[in-house]
Amino acid sequence: MPILDEKVDLLYDAIVRRNPGEPEFHQAVHGVLDSLGAVLAKESRLARDRMIERLCEPERQIIFRVPWQNDRGEVQLNRGFQVEFSSALGPYKGGLRFHPSVNLGIVKFLGFTQVFKNALTGMPIGGAKGGADFDPKGKSDGEVMRFCQSFMTELYRHLGEHTDVPAGDIGVGERELGYLFGQYKRITNRYESGVLTGKGPAWGGSLVRKEATGFGAVFFAERMLEARGQTLDGKTCVVSGSGNVALHAIQKLHDRGARVVACSDSDGVVHDRDGLDLALLFQVKEDERGRVSDYAERRGERARFTRSGDVWSIPCDIAMPCATQNELNARDAATLIQNGCALVVEGANMPVTPEGVARLLEAGVAFGPGKAANAGGVATSALEMQQNASRDSWSFEHTEGRLAAIMGNIHRTCFETAEALGVPGNYVVGANVAGFLRVARAMLALGVI
Ligand code: GLU
């Protein structure tokens, strides 16, 4: 066993050397490799056929120029990315992120994670991720549209319902997907609904897709609590972020009788002791594209907004990081533990640092990794692809039922895999091993690909 761990270490060093200056990608790879020791020892073919090296090398990486004009007619320039990581299980599938922090390393970490997440859903989808270092914040609708049109004018040649099917991620929602789909349709002269997911329900989208990541993460949290003989009812929760994932996680927690007392954005944290007012929060964040400080102002005495506030210092039973990568570190984990938090579930991709995860696991806090817990978004994207392929549209109830069943299956898979490996309750190992084996076995069957 130690010998193999040493081998994994050598593989990891080689991957770091081969992909310099990409710390988030290294972190995501390390997280998966850390779980694989026992499996590699049992299945010698995985090492012999260089499965890890192959899985850590994207099938294709595309980087492109995105020129566009702002409202003053000035030429602007951004960089676009599409990393097609794995098509072993189906067409490349993953979201587009528009955020100034986007670079190749971040897109690769997201694409790599997406491969295993998508495998865990049990749906026929490969893994990819894309995006641009474009900041939609403060841009007019016209500017966002011109940017999306320019972005798609390059990207379209790589896409297709059987080839590569993007969706949204941070900074890309229904508005951006509309502009992207419109441009794809013009260039190709095809109403190819299945080429993008997260579309508006009026033009080929699926009901529940918008809610799916947040709802799915709460369904996963429920299953984790159930395994410990508990429910969400009456629990106090803290959710970071206030974007699509956070809002719908808050909504479902509220439906289940939990009290969500805080959320945040990049400007600060709002603490609402009696529980967030859902209608007001959705109005400010979704309808008005406002900030949580606007929510706090409208809520008056009851809510407190702190600019440099720390969302993880607010006492809670359950914490759901739903904003972005590496937003909860070891110090935050220690604070949560000290305050009696018993469950942490990742709604975002890799929001808890490796040191944070280690602290939580050591303290016996139940921890749901994003690969498993936030897979509801992409799973519902696969349901959208099914509806598009059959030119059908399902009811909200039916689609939500399918999502709940998928999240239940993912939970069971992770739980049972961890038990079988002798690490009961360790969803990190369960998710990594189960996801890896699904992809690796398909690749072995398909020859040297
Ligand atoms: N961006 C989402 C994720 O991280 C959804 C991807 C999709 O629906 O394709 O899983």
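Residues numbered from 1 in each chain as written. Predicted model: local features only at pLDDT ≥ 70, side-chain atom pairs only at ≥ 80, totals over all residues. Heavy atoms only, no water.

Details of the sheet that holds strand β4 (residues 127–132)
The strands making up a sheet associate through hydrogen bonds between their backbones, and the pairing can be parallel or antiparallel.
No. 1: Here five strands make up an open sheet; going across it, the order is β1-β2-β4-β3-β5 and the pairing mixed. Edge positions in the open sheet fall to β1 (60–69) and β5 (164–168), since each of these has one partner strand only. Mean inter-strand twist for the sheet, computed between neighbouring axes without regard to direction, equals 20 degrees.
No. 2: Where strand β2 (residues 75–86) lies against β4, six bridges are found, and the strand directions are antiparallel. Considered in β4, the bridge of F81 is made with G131.
No. 3: On top of the sheet, helix α7 (residues 141–155) reaches β1, β2, β3 (92–98) and β4; it is set at about 140 degrees to β1, its chief contact. (Pairing = 2+ DSSP bridges. Helix = DSSP H or I, 4+ residues; strand = E, 2+ residues; numbered from the N terminus. Axes fitted to C-alpha atoms, helices over the stretch in contact; angles between N-to-C directions. Contact = heavy atoms within 4.5 Å.)

Thoughts on the environment of N118
No. 1: Of note, N118 is situated in helix α6 (residues 104–121).
No. 2: Since its relative accessible area comes to 0%, N118 is described here as buried.
No. 3: In this structure, the C-alpha to C-alpha distance between N118 and S293, residues 175 residues apart in sequence, is 35 Å. (Buried < 20%, exposed > 50% of the residue type's maximum accessible area, 1.4 Å probe, protein only.)

As for the site of the ligand
No. 1: K93, K117, D169, R209 and S381 are the nearest of the 14 residues found near the ligand.
No. 2: Separating an oxygen atom of the ligand from a side-chain N or O atom of N349 is a distance of 3.1 Å.
No. 3: Of all elements in the fold, only β3, α6, β5 and α16 (376–389) reach the threshold of two or more residues within the shell around the ligand.
No. 4: A breakdown of the residues in the shell around the ligand according to their chemical character gives two nonpolar, seven polar and five charged. (Near = heavy atom within 4 Å. Polar contact = N/O pair within 3.5 Å; in protein donor to acceptor, adjacent residues only side chain to side chain. Nonpolar A, V, L, I, M, F, W, Y, C, P; charged D, E, K, R; others polar.)

Comments concerning the side chain of E24
No. 1: With respect to the helices and strands, the residue E24 is situated in helix α2 (residues 23–33).
No. 2: Buried charge without a partner: E24 forms no salt bridge, and the closest opposite charge is R97, 8.4 Å away.
No. 3: When near neighbours in sequence (up to four residues on either side) are disregarded, E24 contacts G105, I106, F109 and M350. (Lys, Arg positive; Asp, Glu negative; His and termini not counted. Salt bridge = Lys/Arg side-chain N within 4 Å of Asp/Glu carboxyl O.)

So, the nonpolar core
No. 1: One finds L253, M320 and I410 to be the most contacted residues of the largest nonpolar core, which totals 59 residues.
No. 2: The element that contributes the greatest number of residues to this core is helix α9 (residues 209–227), accounting for nine residues.
No. 3: In terms of domain composition, this core takes at least three residues from each of domain 2 (60–190) and domain 3 (212–373).
No. 4: The next biggest cluster of nonpolar side chains, apart from the first, holds 40 residues, and it includes F109, F116, M350 and V433. (Core = buried A, V, L, I, M, F, W, Y, C linked by side-chain atoms within 4.5 Å. Domains from an automatic or database assignment.)

Focus: the pairing of β2
No. 1: Looking at chain direction, β1 and β2 are connected through ten bridges and run antiparallel. When the sheet's bridge partners are listed, Q69 is paired in β2 with V75.
No. 2: With antiparallel pairing between neighbouring strands as the criterion, β1 and β2 make up a hairpin whose turn holds five residues, including G73 at a positive phi of roughly 80 degrees.

Re the sheet that holds strand β11 (residues 343–345)
No. 1: In space, the seven strands of this open sheet follow the order β9-β8-β7-β6-β10-β11-β12, with mixed pairing throughout. Both outer strands of the open sheet, β9 (303–306) and β12 (366–368), are each paired with one neighbouring strand and no more. If you compare each strand with its neighbour and ignore which way they point, the axes differ by 15 degrees on average.
No. 2: Here strand β10 (residues 318–321) pairs with β11 via two bridges, running parallel. Its bridge partner lying in β11, I318 is registered against L343.
No. 3: Across the sheet, α9 is in contact with β10, β11 and β12; its angle to β11 comes to roughly 150 degrees.
No. 4: Packing against the sheet, helix α10 (residues 244–255) makes contact with β6 (236–240), β7 (259–265) and β10, and its axis sits at approximately 170 degrees to β6.

Observations regarding the domain arrangement of the protein
No. 1: Assigned domains within the protein: domain 1 (2–55), domain 2 (60–190) and domain 3 (212–373).
No. 2: Its C-alpha centre places domain 1 at a distance of 28 Å from the equivalent point of domain 2.
No. 3: Listed by partner, the interface residues are eight residues for domain 1 and ten residues for domain 2.
No. 4: Here domain 1 and domain 2 share an interface that buries about 850 Å² over both sides, 75% of which is from carbon and sulfur atoms.
No. 5: It is E24, F25 and L55 that lose the most area in domain 1 upon contact with domain 2, and together they represent 57% of the buried surface on that side.
No. 6: The interface formed by domain 1 and domain 2 contains one salt bridge.
No. 7: A salt bridge links K108 to E22, with the shortest nitrogen-to-oxygen separation between them at 2.7 Å.
No. 8: The tally of links from domain 1 across to domain 2 stands at two residue pairs in polar contact (both at pLDDT 80 or more).
No. 9: At five residues, α2 tops the list of elements feeding residues into the side of domain 1 that touches domain 2. (Buried area = accessible area lost by both parts, 1.4 Å probe.)

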